[in-house]
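Close look at the chain arrangement
Chain by chain, the residues run as shown.
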Amino acid sequence: MPLNQALVGTVYPAVRYEVGREKLREFAIAVGETDPIYHDEAAARAAGHPDLPAVPTFAVVLSMRAGQVVYGDPDLGLDYSRVVHGEQEFVYHRPIRAGDRLLAAGKVAAVAAKGRHELLTLETEITTEAGEPVCTVRATVLSRGTAPPRGSAA
Amino acid sequence: MSPHELRNVRPGDALPEVAETIERMDLVRYAGASGDFNPIHWNDEVAKAVGLPGVIAHGMYSMGIAARMVTGWAGDPAAIRRLKVRFSAMIEPGQTLTAKGEVAEVDGGRVLVRFHAEDEKGEKVLSKGEAELEL
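Keep in mind that this is a model prediction, so the values were computed, not measured.

1. A word on the overall build of chain B
- A tally of helices and strands in chain B yields three helices and five strands.
- For chain B, the N- to C-terminal ordering of α and β elements is β-α-α-α-β-β-β-β.
- Taken along the three principal axes of its C-alpha coordinates, chain B extends 50 × 30 × 20 Å.
- Considering chain B as a whole, with its 135 residues, one finds that 40% of them fall into the buried category.
- For chain B, the share of sequence-separated contacts (at least 6 apart) that also reach a separation of at least 24 residues comes to 65%.

And the structure:
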């Protein structure tokens with residue numbers, strides 16, 4: 001079944017996320033990052049960071065949570081077992097840091113047919129609770145075999 | 001390299017490569033750290049049932065390794081303004097992923113790096129990688 005085009009532009013309720021130092025260290029270890037600025041507060045401060053910074057791809061943790069809200073909308077019609085990750089983009093306004101209290105709101109940015117498949121772009125806006133922009137995350141996933149048949153009204 | 005030295009970079013400069021041999025434990029650890037528990041990354045039966053040869057690495061795990069190359073070269077995660085990749089092939093445990101990149105454009109303090117990550121056969125696992133950095 002094709003994805004619901006009418007939902008393009010829809011912004012979903014934000015999820016809250018409090019950034020902890022141990023979580024940042026755990027994620028840095030998981031991607032093999034050993035630079036002390038991601039693990040040691042003194043090293044982070046010496047490098048000019050107010051607290052431990054996240055490695056750049058940590059923002060995906062928040063965008064996945066926001067994505068679960070979007071993908072879980074029954075009106076969207078997404079079958080997650082058909083999904084293949086196509087592209088990923090992060091636009092950074094500043095690094096995520098330990099102690100940040102963040103909001104991540106997902107949006108259906110685009111739905112486009114590509115042959116028999118559909119491309120769904122999820123855009124997640126990450127801000128502080130005070131509204132400071134932190135990161136914009138775009139994930140494009142391929143929904144395999146769900147494009148409407150040619151010639152049908154989309 | 002410290003951030004101020006980015007002023008001295010030239011198009012064509014290569015970034016030091018980052019190579020990582022991927023073990024199944026790495027994927028389990030990444031699943032736990034990231035919250036992405038899709039079983040195709042740790043359960044062979046589920047992976048085979050959906051037509052894969054066995055478990056495959058998370059695309060975002062590969063992107064995390066490639067990002068290390070960029071931040072390690074820039075010296076400061078705050079210098080990164082944008083990071084983008086296309087996931088173009090899968091990689092299985094036991095294989096080595098190598099991230100390679102070079103400076104494509106320099107405009108004042110703004111630098112565009114193009115990069116990819118490939119498996120041992122040279123097949124691109126991540127393609128069309130772009131990183132924008134600013135001082």
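Having seen the model, we can carry on.
2. Re the environment of B:Ala79
- Residue position: B:Ala79 is located in the loop between α3 (59-74) and β2 (80-87).
- On a C-alpha basis, the gap between B:Ala79 and B:Val111 in space is 9.8 Å, while along the polypeptide they are 32 residues apart.

3. Things to note about the nonpolar core
- Formed by 79 residues in total, the largest nonpolar core has its most connected members in A:Leu24, A:Phe27, A:Phe58, A:Ala59, B:Ala66 and B:Val70.
- If you tally residues by element for this core, the top one is α3(B), at ten residues.
- Once you skip the residues sitting within four places of it in the chain, A:Phe27 turns out to touch A:Val55, A:Phe58, A:Val61, B:Ala33 and B:Ser34.

4. Structural notes on unusual backbone geometry
Residues and elements named next belong to chain B.
- The backbone of Lys128 sits at a positive phi, close to 50°, despite the residue not being glycine.
- Counting through the fold element by element, Lys128 comes out in strand β5 (residues 124-134).
- Here Lys128 falls in the partly exposed class, since 13 other C-beta atoms lie within 10 Å of it.

5. Considering the sheet that holds β5(B)
- Strand order in the open sheet made by the ten strands is β1(A)-β3(A)-β4(A)-β5(A)-β2(A)-β2(B)-β5(B)-β4(B)-β3(B)-β1(B), with antiparallel pairing throughout. In this open sheet, the two edge strands, each paired with only one partner strand, are β1 (15-18) of chain A together with β1 (18-21) of chain B. Shown here is a sheet whose adjacent strand axes are inclined to one another by a mean of 20°, direction ignored.
- Sheet topology places strand β2 (residues 83-92) of chain A next to strand β5 (residues 133-143) of chain A; nine bridges connect them, and they run antiparallel. Within β5(A), the position partnered with A:Glu89 by the bridge is A:Arg138.

6. Looking at the interface of chain A and chain B
- Between chain A and chain B, the residue contacts involve 25 residues of the former and 28 residues of the latter.
- Breaking the side of chain A that touches chain B down by element, the ones donating at least two residues are α1 (21-30), α3 (59-71) and β2 of chain A.
- Pairing analysis gives five bridges linking β2(A) to β2(B), with the strands arranged antiparallel. In the strand pairing of β2(B), A:Gln88 is matched with B:Val85.

7. Examining the pairing of strand β4 (residues 117-128) of chain A
Residues and elements named next belong to chain A.
- In the sheet, strand β3 (residues 101-114) pairs with β4 via twelve bridges, with the strands oriented antiparallel. Counterpart to Lys107 in the pairing with β4 is Glu123.
- Here β3 hands over to β4 after two residues, with Gly115 in that stretch at a positive phi of 60°.
- Pairing of β4 with β5, which is carried by ten bridges, proceeds in the antiparallel orientation.

8. A closer look at the packing of α1(A) against helix α1 (residues 24-34) of chain B
- Close contact between α1(A) and α1(B) brings their axes to 9 Å; oriented N to C, the two are set at 150°. Between α1(A) and α1(B), the angle falls in the class roughly antiparallel. As α1(A) runs across α1(B), the sense of the crossing is left-handed. Residues A:Glu26, A:Phe27 and A:Ala30 of α1(A) touch α1(B), and the partners they reach there are B:Arg29, B:Tyr30, B:Ala33 and B:Ser34.

9. Concerning the pairing of strand β3 (residues 96-107) of chain B
Residue and element names in this part refer to chain B.
- In the sheet, β1 pairs with β3 via four bridges, with the strands oriented antiparallel. From the neighbouring strand, Glu20 faces β3, where its bridge partner is Leu97.
- Here β3 runs beside strand β4 (residues 110-118); their pairing, made up of nine bridges, is antiparallel. Bridging from a neighbouring strand, Val106 pairs with Val111 of β4.
- Counted along the chain from β3 to the antiparallel partner β4, the turn is two residues long, and its residue Gly108 has a positive phi close to 65°.

About the cut-offs
- Note that residues are indexed from 1 along each chain, following the sequence as it is written.
- The naming scheme follows written order: chains are lettered A onward, ligands numbered 1 onward.
- Given that the model is predicted, a residue must reach a pLDDT of at least 70 before its local features are reported, and side-chain atom pairs must reach 80 or more before they are shown or counted; all residues, however, enter totals for whole chains, interfaces and linings.
- The numbering of helices and of strands both runs from the N terminus, where a helix is a DSSP run of H or I of at least 4 residues and a strand a run of E of at least 2.
- Residues are called buried when their C-beta atom has 20 or more other C-beta atoms within 10 Å, exposed when it has 12 or fewer, and partly exposed otherwise; all C-beta atoms are positioned from the backbone.
- By definition, residue pairs are in contact when their C-beta atoms, positioned from the backbone, come within 7 Å.
- As used here, a nonpolar core is made of buried Ala, Val, Leu, Ile, Met, Phe, Trp, Tyr and Cys residues. They are joined through C-beta atoms within 7 Å.
- For two strands to pair, DSSP has to find at least two bridges joining them.
- For helices, the fitted axis covers only the stretch in contact; all axes are lines through C-alpha atoms, and the angles between them, taken along N-to-C directions, range from 0 to 180 degrees.
- Small angles under 35 degrees read as roughly parallel and large ones over 145 as roughly antiparallel, with 65 to 115 read as roughly perpendicular and the rest as oblique.
- We call a crossing left-handed when the near helix sits turned anticlockwise from the far one by less than a right angle, and right-handed when that turn is clockwise.

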